[in-house]
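# Structural overview for review
One letter stands for each residue in the lines below.
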Amino acid sequence: MSATRLDDQHDAHLEGLENAYARLLEAHGYDGVLLYSGAPRPFFGDDQQASFATFAHFLHWVPLAGIEHSWLLIRPGQRPLLRIHAPADFWHLAPSLPEAAWTRRFTIETGDDAVPPAPPRGRLAIVGEVDAATAERLGAVLNPPALCRALDELRMRKSDYEIACLREANQLALAGHAAARRAFLDGDAELDIQLAYLKASRQRESQVPYQNIVGLNEHAGVLHYQHYDIEAAPHRYSLLLDAGRRVAGYASDITRTWAGDDADPQFTALIEGVERLQQRLIAELRPGLDYVALHERMHLELGRLLSEQALIECSSEAAVERGITRAFCPHGLGHSLGLQVHDVAGRCDSRGEPLPAPERDPALRLTRTLEAGMVVTMEPGFYIIPMLLEPLQAEPAGRDIDWAGVARLAPHGGIRIEDNIVIGEAGPINLTRDK
Ligand code: GLY
Ligand code: MN
Ligand code: MN
């Protein structure tokens, strides 16, 4: 996309935010809101800091991922005031503002103190990780729940600018996935696959939107596997790679699973089956669809795949009913995606009140009726997780499972295929596959 087109989209995005914040502040009885970027935390008793992610409501306005100790004051009818923390410091490179069109919509101050702008007259809210004493000193209400929920809701439907960022985040992540696949086929260790991914997707590890999951063999069955083995594995059954990229704060979240030279042929058939199932479910996505119903469909389709592959002897419906499909896939079909990988407001009622996860699906992060402009992940999976499958052996449901097949597949860990999809007025737009 040309820089000018993106600038225009960004301008429209900011104008939309100005209007929406003005409406919400009036509705909630505030004359202004101060958003705080947040700041990294030092380790206890140490002078080193953990890696840091800027508060997403701040990033919704200001596309400077990683900016810290900075403030943004929004008042209806006035230019947003951005105060960037830029200390005089010869140990570090001070932040500098890009020559970018978006900056023209802001009044920008840079300074070497981290204090918020002087509060305006009237009722002020502060949103962000701010201490109560600071809010009290400014006479502000700290993180008022109703306003915070309304701001979360505003992030649910993405502007054209946000979708352009998410598309670019997909493109960069896909370059990483291609390099990681080559490293896997060359027999590299998990750490080398991770490094190949980071290099090709042009990012350092502290910038990833979530810790990349690089699971070889049975590690592919650990849903959020968090290590990178430094030694190459002696066998090459499988690689599950779940890895993303940020662009202007916006995250991609892509998973692919590949079979290695030592894979059982049935594992390859299962990868293809999960991918076909995923594409069928993606084709269903449209405004008005209940995401919980689609999640339920995933279980039925997974039951069908298990039955086709003779891993179960019962019907698909019985496999769902008896908890078999949930033992093979304990996570949700997907979630909202944006400035956070598991973006906000995925579970709430029509008035914006937060809802708990469904009892049968405690890991389902999105339970809403889909609307145009939402961006969701679609990530069905199939895993051999002994902790979940072993208890079934002692139950009647266990008689429906081909345990020899499960044992044969166990060294492959599992399968997940994950794409990022815009809910378009006319149907799905797949940011991971559509050009
Ligand atoms: N990468 C985490 C997830 O897929 O939700
Ligand atoms: Mn993922
Ligand atoms: Mn995901």
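Turning to helix 8 (residues 291-308), a few remarks are in order. Between its terminal C-alpha atoms helix 8 stretches 25 Å, which fits the 26 Å expected from 18 residues at 1.5 Å a residue. Taken as a whole, helix 8 has its buried residues at Tyr-291, Leu-294, His-295, Met-298, His-299, Glu-301, Leu-302, Gly-303, Leu-305 and Leu-306. Of the surrounding elements, those touching the buried residues of helix 8 are helix 7 (265-283), helix 9 (316-321), helix 10 (324-328), strand 12 (375-378) and strand 13 (381-383). Its side-chain oxygen placed 3.0 Å from the backbone nitrogen of Val-292, Asp-290 serves as the N-cap of helix 8.

On to the pattern of salt bridges. Summed over the entire model, instances satisfying the criterion amount to 25 salt bridges. Linking Asp-11 and Arg-105 is a salt bridge whose minimum nitrogen-to-oxygen distance equals 2.9 Å. Of this pair, Asp-11 sits in helix 1 (residues 3-28) while Arg-105 sits in the loop between strand 3 (81-85) and strand 4 (107-111), and the two are 94 residues apart along the sequence. Of the charged contacts, one joins Arg-83 and Glu-109 as a salt bridge, the two residues approaching to 2.6 Å between their closest N and O atoms. Here Arg-83 is found in strand 3, whereas its partner Glu-109 is found in strand 4, with 26 residues between them in sequence. Among the residues examined, Arg-83 registers a relative accessible area of 18% and is labelled buried. Assessed through its relative accessible area of 28%, Glu-109 is described here as partly exposed. Counted as one network, the salt bridges with shared partners bring together Glu-153, Arg-157, Arg-368 and Glu-371.

Attention now moves to the sheet that holds strand 16 (residues 427-430). What links the strands of a sheet is backbone hydrogen bonding, and the strands pair in either a parallel or an antiparallel sense. Taken together, the three strands give an open sheet; going across it, the order is 12-15-16, and neighbouring strands pair in antiparallel fashion. Sheet topology places strand 12 and strand 16 at the edges, where each strand pairs with a single neighbour. The sheet shows a mean angle of 40 degrees between the axes of neighbouring strands, taken without regard to direction. Note that strand 12 and strand 15 (residues 419-424) share four bridges and pair antiparallel. Residue pairing in the sheet places Val-376 in a bridge with Ile-421 of strand 15.

Take the coordination of the manganese ion (ligand 3) next. At 2.0 to 2.2 Å from the manganese ion (ligand 3) lie its protein donor atoms, namely Asp-253 (OD), His-335 (NE2), Glu-379 (OE) and Glu-418 (OE). Sequence positions of the donors to the manganese ion (ligand 3) reduce to the motif D-x81-H-x43-E-x38-E. Here the manganese ion (ligand 3) and the manganese ion (ligand 2) are spaced 3.3 Å apart, and both take Asp-253 as a donor. Taken together, the residues His-335 in the loop between helix 10 and strand 12 and Glu-379 in the loop between strand 12 and strand 13 connect sequence positions 44 residues apart.

Interhelical geometry of helix 5 (residues 160-185) versus helix 6 (residues 190-200) gives an angle of 150 degrees and a closest axis separation of 7 Å. The element helix 5 and its partner helix 6 pack so that their crossing is right-handed. Within the contact between the two elements, helix 5 uses Leu-172, Ala-173, Ala-175, Gly-176, His-177, Ala-179, Ala-180, Ala-183 and Phe-184 and helix 6 uses Ile-193, Ala-196, Tyr-197 and Ala-200. Across the contact of helix 5 with helix 6, the residue classes break down as eleven nonpolar, two polar and no charged.

This paragraph deals with the coordination of the manganese ion (ligand 2). Reference values for coordination geometry: four tetrahedral donors around a metal ideally subtend 109.5 degrees, six octahedral donors ideally subtend 90 or 180 degrees. Coordination of the manganese ion (ligand 2) by the protein is provided by Asp-242 (OD), Asp-242 (OD), Asp-253 (OD) and Glu-418 (OE), with metal-donor distances spanning 2.0 to 2.3 Å. In this structure, the manganese ion (ligand 2) is coordinated by six donor atoms arranged in irregular fashion, with angles at the metal of 57 to 170 degrees. Spacing between the donor residues of the manganese ion (ligand 2) along their common chain follows D-x10-D-x164-E. The class for Asp-242 is buried, based on a relative accessible area of 5%. Judged by its relative accessible area of 3%, Asp-253 falls in the buried class.

A complete count under the given rule lists zero disulfides for this structure. No disulfide involves Cys-329; its nearest neighbouring cysteine sulfur is the one of Cys-314, lying 16 Å away. Overall, Cys-329 belongs to the buried group, its relative accessible area being 1%.

A few words on the side chain of Arg-83. A distance of 2.6 Å separates a polar atom in the side chain of Arg-83 from a polar atom in the side chain of Glu-109. Residues contacting Arg-83, with those up to four places away along its chain left out, are Ser-70, Trp-71, Glu-109, Val-115, Pro-116 and Pro-117.

Moving on, we get to the packing of helix 1 against helix 5. What describes two packed helices is the angle between their axes and the distance between those same axes. Their axes nearest at 7 Å, the elements helix 1 and helix 5 cross at an angle of 130 degrees. One finds that helix 1 runs oblique with respect to helix 5. Residue-level inspection shows Leu-6, Gln-9, His-10 and His-13 of helix 1 in contact with helix 5, the latter providing Asp-160, Tyr-161, Glu-162 and Ala-164. Taken together, the residues of the contact of helix 1 with helix 5 break down into three nonpolar, three polar and two charged.

Now for unusual backbone geometry. Unusually for a residue other than glycine, His-69 sits at a positive phi of about 55 degrees. With relative accessibility at 26%, the residue His-69 sits in the partly exposed group. Phi is positive for Asn-217, close to 55 degrees, though the residue is something other than glycine. Along the chain, Asn-217 falls in the loop between strand 7 (213-216) and strand 8 (238-243).

Before going further, it helps to spend a moment on the site of ligand 1. In the vicinity of ligand 1, the contacting residues are Tyr-210, Asp-242, Asp-253, His-335, His-342, Glu-379 and Glu-418. Within the side chain of Asp-253, one N or O atom sits 3.1 Å away from a nitrogen atom of ligand 1. For ligand 1, the protein covers 93% of the area, taking 200 Å² as the surface of the free molecule.

Cut-off values and rules
- Residues numbered from 1 in each chain as written.
- Chains lettered and ligands numbered in written order.
- Predicted model: local features only at pLDDT ≥ 70, side-chain atom pairs only at ≥ 80, totals over all residues.
- Heavy atoms only, no water.
- Helix = DSSP H or I, 4+ residues; strand = E, 2+ residues; numbered from the N terminus.
- Expected span 1.5 Å × (residues − 1).
- Buried < 20%, exposed > 50% of the residue type's maximum accessible area, 1.4 Å probe, protein only.
- Contact = heavy atoms within 4.5 Å.
- Polar contact = N/O pair within 3.5 Å; in protein donor to acceptor, adjacent residues only side chain to side chain.
- Salt bridge = Lys/Arg side-chain N within 4 Å of Asp/Glu carboxyl O.
- Pairing = 2+ DSSP bridges.
- Axes fitted to C-alpha atoms, helices over the stretch in contact; angles between N-to-C directions.
- Donors = N, O, S within 2.8 Å, 3.2 Å for Na, K, Ca; no water.
- Left-handed = near helix turned anticlockwise from the far one by under 90°.
- Nonpolar A, V, L, I, M, F, W, Y, C, P; charged D, E, K, R; others polar.
- Tetrahedral: all angles 85-135°; square planar, octahedral: opposite > 155°, others 65-115°.
- Disulfide = S-S within 2.5 Å.
- Parallel < 35°, antiparallel > 145°, perpendicular 65-115°, else oblique.
- Near = heavy atom within 4 Å.
- Areas by Shrake-Rupley, 256 points an atom, 1.4 Å probe, with all protein chains shown as cover.

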